[in-house]
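# Coordinates in review
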Amino acid sequence: MIRYYLAILLVLLGLSASAQVHSEQAAAFYYGPQIPWHTLSIYDFPVVEPDQANGVPSAFRSQRFYAYVSLGEVLASRPYFANLKPEWLLGENPDWGSHIFDLSSRELRDFLVAQVIAPLWEQGYQGFFFDTLDSYQLVANTPEKRQQQRQGLAALINQIARRYPQARFIFNRGFELMPLVDAPVDAIAAESLYQRWEAGKQRYAPVPEEDRQWLLNQFAAMRDQYQVETIAIDYAPPAEREQARELARKIAGHGVIPWVTNPELDMLGLGVREVLPRQVLLVHGGSNERLWELSDAVRYGLMPLQFQGLVPEIRAINSPMPAGTLKGRYAGIVVWLEEEDLADADFEAWLVEQKDAGVPIAMLGHPAVDPVGPNAQAFGFEGRPTPLSPPTITRQHEAMGFELALPKLIELSSPLHNPSAQPWLELRAGENTYTPVATSSWGGYAFQPFMIRSVLPGEKGEGLDRWVLNPLTFIREALQLPAMPIPDVTTENGRRLFFAHMDGDGFPSLAEVKGYQGQTDARVLLEEVLKRFEVPTTISVIEGEVAPPRSLPENVC
């Protein structure tokens, strides 16, 4: 499993010398699809949206995963909503279109334990993250009604704790509930310590100092009075990874566990631990081969990815793409197309979405978006006319002409220019400039025939193809890979091993080694190698030379 899910943890440093000692614990909140269980398992408080899975996989049930549970209100899309009685609902939350519970109802509390909590416990969740604990304040308009709802909430939490004594809990705010509950609370979380998301205005905004200080005071009181951890969930654009790191550093400086993510919480954010993603999405299309394993993306693309410590996830361009924001979960996207015009509108829109989220993209072979279509501008592509005369090279990266020199007669499969990119190959024909190979702020691209060519122009065959560019250098720059440890991919678990194998051909041949003239090669191997060096060694032998009736002398066999 190590070779598939190798994760590197980066501890965020640089805290002010005057800052409080930051917690060594780490939390993660992921509500998106295709839950990365293995990655989340490195965190002390991993919170997931249980509706995105069929339970905790058996391999991870020994660890505590916290299921998100909205305890104060419910969306009509939840499976159990249809079974709720109208009198259990106090009103609506207009911001989310959800329905607010009347938790003073014992019947409702019994229903939630049986229909919400019990199934999650059976699915392997050993912890619960309780959200919307203050929703009642939207409709409970008197101190008496608010107190009634608080007592109902506390009674529900205590009821859950009694039924599942092994369970642990995290609250989203709910500061006023702490004196009322006997449940084992691990942490108190709250959103927006330094930066928040304003849904109505669809923008990120700084948190006012007054609001931040109030929240810090609440956190400090919870730690002092109840010895619980405190967690701040802040929001930043997915593409602004460095901004997210700075927010995490500031939060950690207050002794608060940070988690910085996008407003949808469907990406792998970061905190005091940041996972360096190893997965790379390899999308292929246009191969004329019967098997996808024989596509160029697999035959040629796997090596430069795996050699650099990446783990390709292979998908056809006409198959569903991963949902959610891939930033933080994938190191990048590589689209290798062997024909033009394979990407439909949905794929192009999905690719633009991932590009805007800051996921590096490498286009190989042919463009993954129409270079003169509606999404061309997002990638900086400008269409150019097919040159009437052979273009000449005006600029060339040192990694071009790697195994095979650039052709003297240059043809363009995709005549385009990208003025915002860094050219790896720039051509000129008449008044037009072409950049068929380049890296960019969003990744990079290399279009045929400047990627792989046959050593015999016009001929295809086994062993004839050569790289025109250095794929290792190009992939590293296009995917903007950081300097990172890379496992030795020649072994099962990445560890370096020494082993030896000998081919048995030549066993009966006579040796020419001094002191062994007239004896067989097998004798030399036995005396000079196998007996002298105690190294695990396998030897393949020819059965006809060692099994009866033998063709070798008895003293050799």
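Residues numbered from 1 in each chain as written. Predicted model: local features only at pLDDT ≥ 70, side-chain atom pairs only at ≥ 80, totals over all residues. Heavy atoms only, no water.

### A word on the overall build of the protein
- Assigned secondary structure in the protein consists of 12 helices and 29 strands.
- Relative to a compact globule of 557 residues, whose C-alpha radius of gyration would be 24 Å, the protein shows 31 Å and is clearly more extended.
- Seen along its three principal axes, the alpha-carbon backbone of the protein occupies a region of about 105 × 75 × 55 Å.
- Across the protein, the fraction of contacts at a sequence separation of at least 24, relative to all contacts at a separation of at least 6, is 65%.
- Accessible surface, the protein as shown: approximately 27600 Å² in total, 50% of it carbon and sulfur.
- Computed over 46 positive and 68 negative side-chain charges, the inter-centroid distance for the protein is 5 Å. (Helix = DSSP H or I, 4+ residues; strand = E, 2+ residues; numbered from the N terminus. Rg over C-alpha atoms; globule rule 2.2 N^0.38 Å. Contact = heavy atoms within 4.5 Å. Areas by Shrake-Rupley, 256 points an atom, 1.4 Å probe, with all protein chains shown as cover. Lys, Arg positive; Asp, Glu negative; His and termini not counted. Charge placed at Lys NZ, Arg CZ, Asp CG, Glu CD.)

### Things to note about the pattern of salt bridges
- Applying the stated criterion across every chain yields a total of 22 salt bridges.
- Asp-44 is the partner of Arg-273 in a salt bridge, and the nearest nitrogen-oxygen pair spans 3.1 Å. Of this pair, Arg-273 sits in strand S15 (residues 273–276) while Asp-44 sits in the loop between helix H2 (37–40) and strand S3 (45–48), placing them 229 residues apart in sequence.
- Asp-44 sits in the partly exposed class, given a relative accessible area of 28%.
- Among the ionic pairs, Arg-196 bridges to Asp-211, the shortest N-O distance being 3.9 Å. Taken together, the residues span a long stretch of sequence, with Arg-196 in strand S11 (residues 195–198) and Asp-211 in helix H5 (residues 209–226) at a distance of 15 residues.
- Residue Arg-196 is classed as partly exposed on the basis of its relative accessible area of 27%.
- When its relative accessible area of 39% is taken as the criterion, Asp-211 is described as partly exposed.
- Among the charged side chains, a salt-bridge network with shared partners connects Arg-241, Glu-242, Arg-245, Glu-246, Arg-249 and Glu-274. (Salt bridge = Lys/Arg side-chain N within 4 Å of Asp/Glu carboxyl O. Buried < 20%, exposed > 50% of the residue type's maximum accessible area, 1.4 Å probe, protein only.)

### Remarks on the sheet that holds strand S6 (residues 89–93)
- Taken together, the 3 strands give an open sheet; going across it, the order is S5-S7-S6, and neighbouring strands pair in antiparallel fashion. Each having just a single partner strand, strand S5 (73–74) and S6 make up the two edges of the open sheet.
- Judged from the 2 bridges that link them, S5 and strand S7 (residues 98–101) form a sheet pairing that is antiparallel. Looking at S7, one finds that Glu-73 is bridged to Ile-100. (Pairing = 2+ DSSP bridges.)

### Focus: the pairing of S6
- Of the pairings in the sheet, the one linking S6 to S7 comprises 4 bridges and is antiparallel in character. Looking across to S7, one finds that Gly-91 is bridged to Ile-100.
- Where S6 hands over to S7, the hairpin turn is made up of 4 residues, of which Gly-97 adopts a positive phi near 70°.

### What about the side chain of Asn-375?
- Of note, Asn-375 is situated in the loop between strand S19 (361–365) and strand S20 (382–383).
- A residue is classified by how much of its surface remains accessible, and Asn-375, at 18% relative accessible area, is buried.
- At 2.9 Å, the side chain of Asn-375 forms a polar contact with the side chain of Glu-348.
- Not counting chain neighbours up to four residues away, the residues in contact with Asn-375 comprise Glu-348, Ala-349, Val-352 and Val-369. (Polar contact = N/O pair within 3.5 Å; in protein donor to acceptor, adjacent residues only side chain to side chain.)

### Re the sheet that holds S19
- Spatially, 8 strands are ordered S17-S16-S18-S19-S25-S24-S23-S21 in an open sheet, and the strand pairing comes out mixed. Each having just a single partner strand, strand S17 (311–316) and strand S21 (392–396) make up the two edges of the open sheet. The mean angle between the axes of side-by-side strands here comes to 20°, regardless of whether they run parallel or antiparallel.
- Taken together, the 4 bridges between S21 and strand S23 (residues 422–429) define a ladder with antiparallel strand orientation. By the bridge assignment for S23, Thr-392 is matched with Arg-428.
- Strands strand S16 (279–285), strand S18 (332–337) and S19 of the sheet are contacted by helix H9 (residues 345–356), whose axis makes an angle of about 150° with S18. (Axes fitted to C-alpha atoms, helices over the stretch in contact; angles between N-to-C directions.)

### Observations regarding helix H4 (residues 143–163)
- Its 21 residues give H4 an end-to-end C-alpha distance of 30 Å, which sits within 8% of 30 Å, the value for a rise of 1.5 Å per residue.
- Regarding H4, the residues found buried are Gln-149, Arg-150, Gly-152, Leu-153, Ala-154, Leu-156, Ile-157, Asn-158, Gln-159, Ile-160 and Ala-161. (Expected span 1.5 Å × (residues − 1).)

### Things to note about the packing of helix H3 (residues 106–122) against H4
- Packing of H3 against H4 leaves a shortest axis separation of 10 Å and a crossing angle of 50°. Viewed along their axes, H3 and H4 adopt a mutual orientation that is oblique. The two elements H3 and H4 meet at a crossing, and its hand is right-handed. The segment H3 lies against H4, with Arg-109, Asp-110, Leu-112, Val-113, Ala-114, Ile-117 and Ala-118 engaging Gly-152, Ala-155, Leu-156, Gln-159, Ile-160 and Arg-163.
- In terms of residue class, the contact of H3 with H4 is made up of 8 nonpolar, 2 polar and 3 charged. (Parallel < 35°, antiparallel > 145°, perpendicular 65-115°, else oblique. Left-handed = near helix turned anticlockwise from the far one by under 90°. Nonpolar A, V, L, I, M, F, W, Y, C, P; charged D, E, K, R; others polar.)

### As for unusual backbone geometry
- Going from Gln-448 to Pro-449, the amide bond is cis rather than trans, its omega being 10°.
- Although it is not a glycine, Gln-34 sits at a positive phi angle of roughly 50°.
- The topology assignment puts Gln-34 in the loop between strand S2 (27–30) and H2.
- In this structure, Gln-202 takes a positive phi of about 50° despite not being glycine.
- Locating Gln-202 in the fold gives a position in the loop between S11 and strand S12 (203–206).

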